[in-house]
Structure formats: structure tokens, C-alpha cells
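# Architecture at a glance
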Amino acid sequence: MRPLLPLLRLSAVVAVGTVLATATAGCFSNRQNEGATLYQNHCSSCHGEQGEGLRRLIPPVAASDYVARNRAALPCLIRRGMKGDVVVNGIHYNQVMPGHEDLTDSQITNLLNFVQRSWGNQNEPYTVREVSELLQPCHGSDGQ
């Protein structure tokens, strides 16, 4: 019976490790795709399924010089929205973009990181801490 004890312990460790790996993989895989899901639910109806925008009405986020040049402003733009003239890839747009006050700092981070690395954008990803800090000054803004 004594030689079986190490095997039983090893089996228990393997079983616990498998359960933890499966549970952990599930956690991370759900969060891993959150940015794409948030984009689909909150942005794609205006900015397009592939970030292409809508002719000269809604600016693209795909291969967007605005996305690349306005890193510090993007978290607040997502949270509070925007109105007024904006130039993206040399084209003027002037539509109201609604804000998404319901999104958490973490969700805004995941959404921005999805956009930062999709459709030709090769921009540095955000951290949640960075987004939270960038969101601080926009809490009292009127979305402009």
C-alpha cells in the first residue's frame, strides 16, 4: 500500500492542476475577446465591422491617423463622446459620437486595445492604470 501513496498524491496534484488550468483558461479567454465584443456591441454600427467608417459621415478607426496621434484623448472620447469637426486621414467629419458612460475603465482599456491592434493599427496597448489616469480629467467634461 505504501508505494501507491505517492501515485495517489501525484494523481491528486495532476487533477487539481487540470481543474485550475481549465478554470483559468476560461477566465482569460473570456477577457481576451472582450475588446472585440465591446467594439461589436458599441462601435461597429457606426464605425463599421472592420473599422472602415461610413463614407464621409463617420470616420474610420482602421488604419487611422487620429487613433495613432490622439492616444491620451481616446479614453475620454470613448467615455464622454464627441461633437464637432475632426480630421481623420485628411478627411473632415462633423457628426456627434455618443459617449459610453456605462463602460468601466477596464472595458475601455480592452476596447481601445482591440482597436489599437486591429485593421492595420499597430499602436502601443494601454494598461488599465493608464486609462484610469487618462479618464480623470474628463469626468467633468461636456464631451467636446
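Residues numbered from 1 in each chain as written. Predicted model: local features only at pLDDT ≥ 70, side-chain atom pairs only at ≥ 80, totals over all residues. Heavy atoms only, no water.

Another point: the pattern of salt bridges. Under the defined criterion, the tally for this structure stands at 4 salt bridges. A salt bridge links D105 to R79; the nearest nitrogen and oxygen atoms lie 2.8 Å apart. A residue pair is termed long-range when its members are at least 10 positions apart, and D105 in helix 6 (residues 105-116) and R79 in helix 5 (residues 74-80) qualify at 26 residues. A residue is classified by how much of its surface remains accessible, and R79, at 6% relative accessible area, is buried. E101 serves as the salt-bridge partner of R80, at 3.0 Å between the closest nitrogen and oxygen. Here the residue R80 occupies a position in helix 5, and E101 occupies one in the loop between strand 2 (91-93) and helix 6, the gap between them amounting to 21 residues. (Salt bridge = Lys/Arg side-chain N within 4 Å of Asp/Glu carboxyl O. Helix = DSSP H or I, 4+ residues; strand = E, 2+ residues; numbered from the N terminus. Buried < 20%, exposed > 50% of the residue type's maximum accessible area, 1.4 Å probe, protein only.)

For the structure shown, the criterion picks out 3 aromatic pairs. Taking the centre distance of 4.9 Å and the plane angle of 55° together, the rings of Y39 and W119 count as tilted. Remark: W119 occurs in the loop between helix 6 and helix 7 (128-135) and Y39 occurs in helix 2 (residues 34-42); sequence separation between them is 80 residues. The exposure class assigned to W119 is partly exposed, which follows from its relative accessible area of 21%. Seen in terms of ring centroids, F114 and W119 are 5.2 Å apart; in terms of plane orientation they differ by 90°. Their pairing is edge-to-face. These aromatic residues form a ring-pair network of at least three members: Y39, F114 and W119. Taking NZ or CZ as reference, R71 lies 4.0 Å from the ring centre of Y126, over its face. (Phe/Tyr/Trp six-rings, centres within 6.5 Å; stacked < 30°, edge-to-face > 60°. Lys NZ or Arg CZ within 6 Å of the ring centre and 35° of its normal.)

On to unusual backbone geometry. Even without being a glycine, N89 presents a positive backbone phi close to 50°. Topologically, N89 is positioned in the loop between strand 1 (86-88) and strand 2. Here W119, not a glycine, exhibits a phi torsion of approximately 55°, which is positive.

This brings us to the confidence of the model for the protein chain. For the protein chain, per-residue confidence averages 82 on the pLDDT scale, and residues scoring 70 or more make up 74% of the total. Of all helices and strands in the protein chain, the one with the weakest mean pLDDT is helix 1 (residues 4-32) (48), whereas helix 5 scores best (96). This model gives residues 16-30 a pLDDT under 50, and the stretch forms 0 contacts once residues within four places in sequence are excluded. (pLDDT = per-residue confidence, 0-100. Contact = heavy atoms within 4.5 Å.)

Further remarks concern helix 2. Along helix 2, the positions that sit buried rather than exposed are E34, G35, L38 and Y39. Projection of helix 2 onto a plane perpendicular to its axis shows the buried side chains occupying an angular sector of 135°, all on one side. (Arc of directions from axis to C-beta.)

It is worth spelling out the packing of helix 2 against helix 6 at this point. Interaxial distance between helix 2 and helix 6 falls to 7 Å at its minimum, and their mutual angle equals 90°. The pairing of helix 2 with helix 6 is recorded here as roughly perpendicular in orientation. Here E34, G35, A36, L38 and Y39 of helix 2 come into contact with helix 6, specifically with Q107, N110, L111, F114 and V115. Looking at the contact of helix 2 with helix 6 residue by residue, the class counts come to 6 nonpolar, 3 polar and 1 charged. (Axes fitted to C-alpha atoms, helices over the stretch in contact; angles between N-to-C directions. Parallel < 35°, antiparallel > 145°, perpendicular 65-115°, else oblique. Nonpolar A, V, L, I, M, F, W, Y, C, P; charged D, E, K, R; others polar.)

Before going further, it helps to spend a moment on the nonpolar core. Core analysis: the largest hydrophobic core is formed by 23 residues, its most contacted members being Y66, I108, L111 and L112. Contacts of I108, omitting those with residues within four sequence positions, involve P75, I78, R79, L103, V131 and L135. (Core = buried A, V, L, I, M, F, W, Y, C linked by side-chain atoms within 4.5 Å.)

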